[in-house]
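# Structural overview for review
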Amino acid sequence: MRKAMFIIGMVIAIIEIAYSFVSNSETGQFFGVDMNIWIFRLIWVALFGVVFNGYLKESKKG
């Protein structure tokens, strides 16, 4: 069950990153705060990395 949550989190992060390139906007909203689109993408890439790291640790457990 926990692995499924990690996978869902990674998919959401990938969708947000991909959509930020397709939408062609100059700002992104993260928790209601407008920010530079590159900072927005960097935050989502970092979140993806954290979730992916958790998934790898969970996979090694068994």
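Residues numbered from 1 in each chain as written. Predicted model: local features only at pLDDT ≥ 70, side-chain atom pairs only at ≥ 80, totals over all residues. Heavy atoms only, no water.

The next point concerns the pattern of salt bridges. Under the defined criterion, the tally for this structure stands at one salt bridge. Its salt-bridge partner being glutamate 58, residue arginine 2 comes within 3.6 Å of it at the nearest N-O pair. Within this pair, whereas arginine 2 is found in helix α1 (residues 2-22), its partner glutamate 58 is found in helix α2 (residues 37-61), the two being separated by 56 residues in sequence. (Salt bridge = Lys/Arg side-chain N within 4 Å of Asp/Glu carboxyl O. Helix = DSSP H or I, 4+ residues; strand = E, 2+ residues; numbered from the N terminus.)

The subject of this paragraph is α2. For α2, with 25 residues, the first-to-last C-alpha span of 36 Å sits near the 36 Å given by 1.5 Å per residue. Where α2 is concerned, the buried positions are Ile37, Phe40, Arg41, Trp44, Gly54 and Glu58. Looking at the packing, one finds that the buried side of α2 touches α1, β1 (27-30) and β2 (33-36). N-capping of α2 is provided by asparagine 36, with a side-chain oxygen placed 2.9 Å from the backbone N of tryptophan 38. (Expected span 1.5 Å × (residues − 1). Buried < 20%, exposed > 50% of the residue type's maximum accessible area, 1.4 Å probe, protein only. Contact = heavy atoms within 4.5 Å. Polar contact = N/O pair within 3.5 Å; in protein donor to acceptor, adjacent residues only side chain to side chain.)

Bringing the side chain of serine 20 into the picture now. Following the sequence through the fold, serine 20 ends up in helix α1. Residues in contact with serine 20, not counting those within four places in the same chain, are Ile37, Phe40 and Arg41.

With that out of the way, let us pick up the nonpolar core. With seven residues, the main nonpolar core is built from Ala13, Ile17, Phe30, Met35, Ile37, Phe40 and Trp44. At the level of secondary structure, the elements contributing two or more residues to this core comprise α1 and α2. Sorting elements by how many residues they give to this core places α2 first, with three residues. Not counting the four nearest positions on each side in its chain, phenylalanine 40 is found in contact with Glu16, Ser20, Gly28, Gln29, Phe30 and Met35. (Core = buried A, V, L, I, M, F, W, Y, C linked by side-chain atoms within 4.5 Å.)

At asparagine 24, a residue that is not glycine, the phi angle is positive and equals roughly 60 degrees. Within the secondary structure, asparagine 24 is located in the loop between α1 and β1. Classification of asparagine 24 by relative accessible area gives exposed; the value is 71%. Positive phi values are uncommon outside glycine, yet phenylalanine 31 reaches one of about 55 degrees. Among the structural elements, phenylalanine 31 can be located in the loop between β1 and β2. Overall, the relative accessible area of 78% leaves phenylalanine 31 in the exposed class.

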